[in-house]
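Residues per chain are reported as follows:
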Amino acid sequence: MRLLVTGGAGFIGSNFVRYVVQHAPDVQITVLDKLTYAGNRANLAGLPADRVRLVVGDVADAALVDRLVRASDAVMHLAAESHNDRSLVDPQPFIDTNIVGTYTLLEAVRRYDVRFHQVSTDEVYGDLPLRTDTDQSAHDAVFTAQSRYQPSSPYSASKAAADLLVRAWVHSFGIRATISNCSNNYGPYQHVEKFIPRAITNILTGRRPVLYGDGRNVRDWIHVADHVAALWLILQRGEVGQTYLVGAHCERSNRSVLAAILRAMGRPADDFVTVKDRPGHDRRYALDNSALVRDLGWQPQHRNFDQGLAATIDWYRTHTSWWQAGKAAVEAAYGQH
Ligand code: NAD
Ligand code: TDX
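Nothing here was measured: the structure is a model prediction, and the numbers come from that model. (Residues numbered from 1 in each chain as written. Chains lettered and ligands numbered in written order. Predicted model: local features only at pLDDT ≥ 70, side-chain atom pairs only at ≥ 80, totals over all residues.)

Chemist: Mind laying out the site of ligand 1, listing which residues take part and the relevant values?
Modeler: Gly-7, Gly-10, Ala-38, Gly-39 and Ala-80 are the nearest of the 32 residues found near ligand 1. Only α1 (11-23), β2 (28-33), α4 (92-112), β5 (115-121) and β7 (184-186) provide two or more residues apiece to the shell around ligand 1. (Near = placed C-beta within 6 Å. Helix = DSSP H or I, 4+ residues; strand = E, 2+ residues; numbered from the N terminus.)

Pasting the structure below:
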């Protein structure tokens, strides 16, 4: 199989490429990645050159995308602007990459009848109420593949728009596509702008980690290794036209995640700063993964969040050269808003 992986030099993309190289010896991978601030050649270091090639370019470049899709049997589409906070400062690249880029790929897979998978997020469904002691409906609420799309941020709106284009291209043109909507990932190679790596690397550089608002917001965490295993399974065995929700039933408040990081790194429990809340901050995400478990037999392997977190902390400790150069600039940018 000739597989085109867009965004393969990013966090989830590079973990996916490594997974496929290890598990599927017959697959040749072409990574199409613009190498934005979030993409990094080093994420693909050490992979065999005869199995993986990197093409630096834009998913919205129709001529380049046409040429690469024509030469592929399947496309795993991960390229995106991925950070909510950035989308609140400058939405334009989110429109260009997430919407126009996805449209550009869809037109190419339509021309050449190439299998396509859209990697998306649970944030397209908006947010859920926090669980409370009294409100039973809040306890039961989770996203399902039938949940309404009601995104809150420019980032999630751009992902929602892209997903809807995929659904329409399946419906109107019969392209062979699937979609997955995954919860919050953590693990190696995640950019230091994101919550968990930011907190870890703040502590490692003598800064205090940062909690937005009251810290009661809940995210449903999944180890990136479990997400990429699901993506590979869906690409091979998923039913065309289906949406799969990917999550590992690991809801944690931001406050409790930060407490676990501080504890694991030997810092006092109150050694963090609280800042103004993110505008439009989604309260809670949680999702129903039953189609993936029932139909495709997927099971998360990294079920112990504290262990996964400890391994992630170790990874950042032992890979300082991977993140150190960009750290100060990320913190300086955060300081401006
Ligand atoms: P990331 O920001 O780490 O990586 C994105 C990659 O896309 C980078 O390598 C970047 O250079 C590349 N890219 C950006 N614009 C491009 C363009 N115009 N053309 C080609 N390449 C471009 O993001 P990530 O966290 O790895 O997310 C990957 C995908 O998974 C995204 O589609 C995201 O919406 C989705 N997702 C992420 C999470 C999460 O928790 N991180 C959860 C669910 C879904
Ligand atoms: O320093 C911080 N302090 C903090 O309290 C940062 C960076 C974040 N937060 C909060 C905001 C969120 O409630 O932590 C939570 C996680 O924040 P992010 O890492 O920015 O992730 P989130 O906004 O939840 O989106 C992530 O998951 C879904 C990814 O960035 C998206 O690409 C994915 O679609």
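Chemist: I'd like to hear about the sheet that holds strand β9 (residues 218-223), residue by residue, with values.
Modeler: Spatially, the three strands line up as an open sheet ordered β7-β9-β11, and their pairing is mixed. Each edge of the sheet is formed by a strand with only one pairing partner; in this case those strands are β7 and β11 (251-253). When the angles between neighbouring strand axes are averaged without regard to direction, this sheet yields 50 degrees. Alignment of β7 against β9, held across three bridges, turns out to be parallel. Bridging from a neighbouring strand, Tyr-186 pairs with His-223 of β9. Here helix α9 (residues 254-264) sits on the sheet in contact with β9 and β11, set at roughly 85 degrees to β11. (Pairing = 2+ DSSP bridges. Axes fitted to C-alpha atoms, helices over the stretch in contact; angles between N-to-C directions. Contact = placed C-beta atoms within 7 Å.)

Chemist: Explain the sheet that holds β2 to me, using residue names and the numbers behind them.
Modeler: Strand order in this open sheet of seven strands is β3-β2-β1-β4-β5-β6-β10, and the pairing throughout is parallel. Pairing within the sheet leaves two strands with one partner each, and these edge strands are β3 (52-56) and β10 (243-246). With direction set aside, neighbouring strand axes in the sheet form an average angle of 20 degrees. Relative to β10, strand β6 (residues 177-182) runs parallel, the two being bridged by four bridges. Looking across to β10, one finds that Asn-181 is bridged to Leu-245. Along the sheet, α4 makes contact with β1 (2-6), β4 (74-77) and β5, crossing β4 at roughly 170 degrees.

Chemist: Please provide a residue-by-residue account of unusual backbone geometry, values included.
Modeler: Despite not being glycine, Tyr-189 shows a phi value in the positive range, around 75 degrees. Overall, the presence of 22 C-beta atoms within 10 Å leaves Tyr-189 in the buried class. Its identity as a non-glycine residue notwithstanding, His-249 has a phi of 55 degrees, on the positive side. Along the polypeptide, His-249 turns up in the loop between β10 and β11. Residue class for His-249 comes out partly exposed when judged on the 15 C-beta atoms lying within 10 Å of it. (Buried ≥ 20, exposed ≤ 12 C-beta atoms within 10 Å, placed from the backbone.)

Chemist: Tell me about the pairing of β5, and name the residues and values.
Modeler: The buried fraction of β5 is high, at seven of seven residues. Where burial is concerned, the two faces of β5 agree: the one with Arg-115, His-117, Val-119 and Thr-121 and the one with Phe-116, Gln-118 and Ser-120 are both buried. Relative to β6, β5 runs parallel, the two being bridged by six bridges. The residue bridging Ser-120 from the neighbouring strand is Asn-181, located in β6.

Chemist: Could you give me a rundown of the packing of helix α2 (residues 62-70) against α4, with the residues and numbers involved?
Modeler: As a packed pair, α2 and α4 sit with axes 9 Å apart at the nearest point and diverge in direction by 40 degrees. Between α2 and α4, the angle is such that the two are oblique. Relative to α4, the crossing made by α2 is right-handed. Between α2, through Ala-62, Val-65, Asp-66, Val-69 and Arg-70, and α4, the contact on the second element is made entirely by Thr-104, Leu-105, Ala-108, Val-109 and Tyr-112. Here the residues of the contact of α2 with α4 are counted per class, giving seven nonpolar, one polar and two charged. (Parallel < 35°, antiparallel > 145°, perpendicular 65-115°, else oblique. Left-handed = near helix turned anticlockwise from the far one by under 90°. Nonpolar A, V, L, I, M, F, W, Y, C, P; charged D, E, K, R; others polar.)

Chemist: If you had to explain the site of ligand 2 to someone new, which residues and values would you point to?
Modeler: What surrounds ligand 2 is a group of 16 residues, the closest being Ser-82, Thr-121, Lys-194, Phe-195 and Tyr-212. Secondary structure elements with two or more residues in the shell around ligand 2: α7 (195-204) and β8 (210-212). Ranked by residue count, the leading element in the shell around ligand 2 is β8, at three residues.

Chemist: Residue-level account of the environment of Ile-29, with values.
Modeler: Summarising the element assignment, Ile-29 is placed in strand β2. C-alpha of Ile-29 to C-alpha of Asp-135: the two residues are 106 residues apart in sequence and 49 Å apart in space. When residues no more than four places from it in sequence are discounted, the contact partners of Ile-29 are Leu-3, Val-5, Val-17, Val-20, Arg-51 and Val-52.

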